Every structure is written in structure tokens, then in C-alpha cells.
Amino acid sequence: MPDPVEVRLGDDVRLHVEADGPADAEVTAVLLHGWTLDGRSWHRQVAALRAAYRSVRVVSYDARGHGRSSCMTLPTATLAQLGDDLAAVLDTVAPTGRVVLAGHSMGGMTIMEYAHRHPGHFARRVAGLVFVSTTAEGHTHTVYGLSPRIARIIRLAETTGAGVLARCGAWRPPRALLRALRPSIGWMLFGDHCDPTDIRLVTSAVARASLRSIGGFRASFGAQHRLATLAALAHLPAAALVGDRDRLTPPPCAESIAAALPATELTVCPGAGHMLMMERPEEVTAALSGVLRQVLADARPAGHRSAAGRARRR
């Protein structure tokens, strides 16, 4: 079973972290969840990696204001702060060895922000990357699967509502309301099929997120642009996955990441939406395993790694 660890940050925010595997592991896989979710969204990948790689340390954690982590002040509800938090988690939970970072949605954006704000720290530690249903271009490509005109109206309503929620502090969404919204949540986050168990887990995670985090992070999501940061990481083995029914981070988001990282293996999952760890767990685990195998086996200098990009559909 994973060992729970509490990481206390400089502003007294406490992060709930779960780690499994040897503390002195040569390689640590760190899994970062998406907006309004928590570390449980990776539960299938955590179990698979634990079974397949006993020498690899597997770490997941709840971001500030999410899950079992404590709430924070509104000015720190930013991607920049999440990038700083990731550096602190690595220093505390995986201070030695190489690291493979895997991020879903907000988690992927957190990885990019960490690379942008802490380039030296990133270069010393990170040996591989996996991006799942995320973007490096803010809301450039997000149209919710609708016409651009309607998407603009929805974005205006969303950002306005986010500003209101951000000022609601540490309160949590009412569970009764979330149960009523399950069909809408399912439509927004999932593709052609939605397992009832998965939608219950997602709803449970949203119920744990503070209203401040639900509303507060939204502004920095739309403003982030980190393709130039990614281009500097082109020597790393990487994978990117996206569902072709993803309404939040559609395929062009993953395609631009793959273009910035030419060694990236791009997987487009037909019929899948935004929650690929649940909708396509085997594909996500396979991508993680592929990067981990390269990191474990490849002792060549980074500059000698292949720069050949690949794309596939599953």
C-alpha cells in the first residue's frame, strides 16, 4: 500500500502525498492530476506501475486546494505556484534519482510551469515526460465541442462564474448539487462511454475541491503559453495522449505539444474524452511504461536520444 506523506510548503499549505516503492529508487514516477480532481484519478496507473516496476518509486499527490490537501490564499491559486509546489514535492519525497513526470490537464500545465520557473532544477532531475489531455496554449483550442460563437459565450460565463467561486474560500461544492450535475459532468469530461464508477469518482473528487481552487486557478489556465519552454526539452523521451472527443483539450492541443517535442509519441484515442486515465487506462499505462523503460535502460547522453517523432491511433 502507498505510504501517505504530508508535505508542508513555505506558505503553510499542506499537501497530501502518497508514495510507493523504495525511497532511494533510481527512478521515481510522479503523477499529477487535473483541475478539481485529486490523486485518485491515477489509481489504475498507480496499481499497474507498482505491479510492473518494483524498483520504481510511484508518487501521486493532491494539489493545493484539492482532495486531502489544505486550502490556500487566493493569490496563490495560480499555475506558477503549482510549478513551485512540484519542485518542493520532488525535494521532499524524491530528493535523489531521476524523475518521470506525468501530468493530466492541469497537471501537465504544472509540469510546464515547473520547467519554465525552475529550469536548472528541472534539468538536474527530470528524465522523461508524459502529457495526458493537456495543453501548452491556454484556451486557444478549447471550444467545448461547439461552434466558436457559442464557445465564446460559454467561456465568458465560465470565467465570470470562476471569479465568483474564487471568493468563496474553503467551502466545498454541495454533494447534492454535484449528483444532479453528473450528466453534465459526464458530457463535458468523458467521450462516447462513461462508466458509472468513474463518474462517481470524478464527482467525489470535485466535492473535495475548495470553491477557491475551482474558481481561482481558471484565470492562469487561459493565459498560460509554454510551447517555447517545451521546445527546450526536446531531448527528453516523451509521450502525449488525447481523446478525439476531448471537449476541453482537443487534439490540436496534443499535436502542438508533439510538434514542440519531436521525440514525443502521440496517441490519439478514438471515442475518448478528457479522462483518459479512466477511459483508456491501458493506453495511458503503456505510454508511461514506454517512457519509464527508456529512462531505466538508456544510459546514453541526452543529446544522443532519437529525435524521431511517432504518431499512432488506438
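Residues numbered from 1 in each chain as written. Predicted model: local features only at pLDDT ≥ 70, side-chain atom pairs only at ≥ 80, totals over all residues. Heavy atoms only, no water.

As annotated in an unreviewed UniProt entry, the protein carries the name Alpha/beta hydrolase and is attributed to Micromonospora craniellae.

**Examining the pattern of salt bridges**
Inspection of every chain in the model, using the stated rule, returns 15 salt bridges. A salt bridge links E26 to R98; the shortest N-O distance between them is 2.5 Å. With E26 in the loop between strand 2 (14-20) and strand 3 (27-32) and R98 in strand 5 (residues 98-104), the pair connects residues that are 72 residues apart, well separated along the chain. Overall, E26 belongs to the partly exposed group, its relative accessible area being 47%. Owing to a relative accessible area of 24%, R98 belongs among the partly exposed residues under this scheme. In this structure, R245 and D244 form a salt bridge, with 3.1 Å as the shortest nitrogen-oxygen distance. (Salt bridge = Lys/Arg side-chain N within 4 Å of Asp/Glu carboxyl O. Helix = DSSP H or I, 4+ residues; strand = E, 2+ residues; numbered from the N terminus. Buried < 20%, exposed > 50% of the residue type's maximum accessible area, 1.4 Å probe, protein only.)

**Topic: the packing of helix 1 (residues 43-52) against helix 14 (residues 281-297)**
The contact between helix 1 and helix 14 brings their axes to 10 Å, and the two run at 45°. Taken together, the axis directions place helix 1 and helix 14 in an arrangement best described as oblique. Of the two possible hands of crossing, helix 1 and helix 14 adopt the one that is right-handed. Here helix 1 contributes R44, Q45, A48 and L49 to the contact with helix 14, which in turn contributes P281, V284, T285, L288, S289 and L292. Taken together, the residues that form the contact of helix 1 with helix 14 break down as 6 nonpolar, 3 polar and 1 charged. (Axes fitted to C-alpha atoms, helices over the stretch in contact; angles between N-to-C directions. Parallel < 35°, antiparallel > 145°, perpendicular 65-115°, else oblique. Left-handed = near helix turned anticlockwise from the far one by under 90°. Contact = heavy atoms within 4.5 Å. Nonpolar A, V, L, I, M, F, W, Y, C, P; charged D, E, K, R; others polar.)

**Some remarks on the nonpolar core**
With 48 residues, the main nonpolar core has V30, L86, L101, F122, L129, F131 and L230 as its most contacted residues. Looking at which element gives the most residues to this core, the answer is helix 2 (residues 79-93), with 7 residues. When sequence neighbours within four positions are dropped, the list of residues in contact with V30 reads V59, Y61, L86, L90, V99, V100, L101 and A102. Counting residues in each nonpolar core, the second largest holds 42 residues, with A102, A209, A239 and M278 among its members. (Core = buried A, V, L, I, M, F, W, Y, C linked by side-chain atoms within 4.5 Å.)

**Digging into the environment of E26**
On a C-alpha basis, the gap between E26 and G97 in space is 4.7 Å, while along the polypeptide they are 71 residues apart. Contact partners of E26, with chain neighbours within four places excluded, come to S55, G97 and R98. A distance of 2.5 Å separates the side chain of E26 from the side chain of R98, its partner in a polar contact. (Polar contact = N/O pair within 3.5 Å; in protein donor to acceptor, adjacent residues only side chain to side chain.)

**Some points on the confidence of the model for the protein**
On average, the protein scores 89 in pLDDT, and the residues at 70 or more come to 88%. Segment residues 299-314: pLDDT under 50, and 28 contacts once partners within four positions in sequence are set aside and those in other chains are kept. (pLDDT = per-residue confidence, 0-100.)

**A short note on the packing of aromatic side chains**
One pass over the full model with this rule turns up 3 aromatic pairs. On the numbers, 5.3 Å between centres and 55° between planes, the contact of Y114 with F122 is tilted. Residues Y114 and F122 agree in their burial class; the two are buried. Taking 6.2 Å as the distance between ring centres and 10° as the angle between the ring planes, the aromatic pair formed by F217 and F221 counts as stacked. Linked through ring pairs, W35, F217 and F221 together constitute an aromatic cluster. (Phe/Tyr/Trp six-rings, centres within 6.5 Å; stacked < 30°, edge-to-face > 60°.)

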